[in-house]
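# Tertiary structure, described
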Amino acid sequence: MTKKPEAFDKFPVGLEERDVLPSSRKNVASRDHRPMLENLQRRFFLRQTLSLGAVAMLSGCNLQDGDTIDRILWAMSRWNDRAQAWLFGQNKLAPTYGPTDVTRPFPFNAFYPEDSVPDIDLSEYRLEVSGLVDNKRFWSLEDLRVLPQVSQITRHICIEGWSAIGEWSGVPLRSFLERIGADLTARYVGFKCADRYYTSLDMPTALHPQTILALDFDKGPLPAKYGYPLKLRVPTKLGFKNPKHIAAIFITNEYPGGYWEDQGYNWFSGL
Ligand SMILES: Nc1nc2c(c(=O)[nH]1)N[C@H]1C(S)=C(S)[C@@H](COP(=O)(O)O)O[C@H]1N2
Ligand SMILES: [Mo]
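This structure is a prediction, so every number in the text was calculated from the model and none was measured.

## Focus: the pairing of strand β5 (residues 188-193)
- Along β5, five of the six residues are buried, which leaves the element largely enclosed by surrounding structure.
- Examined bridge by bridge, β5 and strand β6 (residues 198-202) share five bridges and lie antiparallel to one another. In the sheet register, Phe191 faces β6, and the bridge partner there is Thr199.
- Counting the residues that bridge the hairpin from β5 to β6 gives four residues, and of these Arg196 lies at a positive phi of roughly 75 degrees.
- Pairing analysis gives six bridges linking β5 to strand β10 (residues 246-252), with the strands arranged antiparallel. Of the residues in β10, the one forming a bridge with Gly190 is Phe250.

Okay, here's the thing in structure tokens:
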């Protein structure tokens, strides 16, 4: 399926002319402002200003809620996400490594300390599937274990400034999405976790061959701290887009955001 390219001289998603004009000029006929807008967009595009971390930096500037600058930056960031998606496509592969490259011990990270990792009872665990899918059923871990599995040794990169190489195995998300009859033309796949974490991916990344629903880590069942019983491994994205303890997966055309994304981290954050 080929997506119709959208023109770059369009307004960034959600951005309207009134948002980028000085208040004294807001009532002037709109076509006068187009060169300014285009110039602004071109600069944003060429310098990729709002990639990784830049939005987080700017959100530290004490902008008030609903502030015009804040709204512009959010709109620019969303637009930049889409530009990156068009440019970097879906076929770029993350590097893979050998067994001797694996980092031990592998670092733990979450928005809480290690002693607060959720304690999940497997007998009660069911993965919920909802949204734009034909087959809205619950999946046990055993249901997932009988599907064909793949393995990868890849690098996990955290925005906090560390990276580590690990081995994960599980079901390619693409084959799971096909099996549940997901609308593969939908824009987003969202994830809700047992610890209230949440995140989402663009559909091309969800269908990428290296994106897997991981059940195993380092050749054994996923340990609690690394996301038991199920985590998403996405080596083409930063660590925070790899949800652990997944409880629900949903397919949607409405932007689902994410725990860190909603606090200013760039949603695309990857290849
Ligand atoms: N459910 C859940 N998933 C999560 C997080 C979290 O706090 N909760 N943190 C993310 C972040 S920021 C990172 S770097 C990785 C850390 O994964 P690890 O503990 O396997 O190293 O998990 C990601 N997925
Ligand atoms: Mo992270």
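## Details of the sheet that holds β5
- Taking strand neighbours across the sheet as the criterion, the five strands line up as β2-β1-β10-β5-β6 in an open arrangement whose pairing is mixed. A single partner strand is all that each edge strand has here, and the edge strands are β2 (138-139) and β6.

## Quick word on the layout of surface pockets
- The calculated volume of the second largest pocket comes to roughly 360 Å³.
- Taken together, 24 residues line the second largest pocket, and the ones lying closest to its centre are Asn109, Ala110, Gly239, Phe240 and Lys244.
- For the lining of the second largest pocket, the secondary-structure elements that each account for two or more residues are β3 (150-158) and β4 (162-172).

## What about the packing of aromatic side chains?
- Inspection of the entire model under this criterion finds 16 aromatic pairs.
- When the ring of Phe111 is compared with that of Tyr259, the centres are 4.5 Å apart and the planes differ by 25 degrees; the resulting orientation is stacked. A residue pair is termed long-range when its members are at least 10 positions apart, and Phe111 in the loop between α4 (68-88) and β1 (127-131) and Tyr259 in the segment after β10 qualify at 148 residues.
- On the basis of an interplanar angle of 70 degrees and a centroid distance of 4.9 Å, the ring pair of Trp139 and Phe176 is categorised as edge-to-face. Of this pair, Trp139 sits in strand β2 while Phe176 sits in helix α6 (residues 173-179), and the two are 37 residues apart along the sequence.

Rules used throughout
Residues numbered from 1 in each chain as written. Chains lettered and ligands numbered in written order. Predicted model: local features only at pLDDT ≥ 70, side-chain atom pairs only at ≥ 80, totals over all residues. Heavy atoms only, no water. Buried < 20%, exposed > 50% of the residue type's maximum accessible area, 1.4 Å probe, protein only. Helix = DSSP H or I, 4+ residues; strand = E, 2+ residues; numbered from the N terminus. Pairing = 2+ DSSP bridges. 1 Å grid on protein atoms, 1.4 Å probe; cavity = no way out; pocket = protein on both sides within 12 Å on 5 of 7 lines; lining within 4 Å. Points joined across faces, edges and corners; volume = space filled by probe spheres on them. Phe/Tyr/Trp six-rings, centres within 6.5 Å; stacked < 30°, edge-to-face > 60°.

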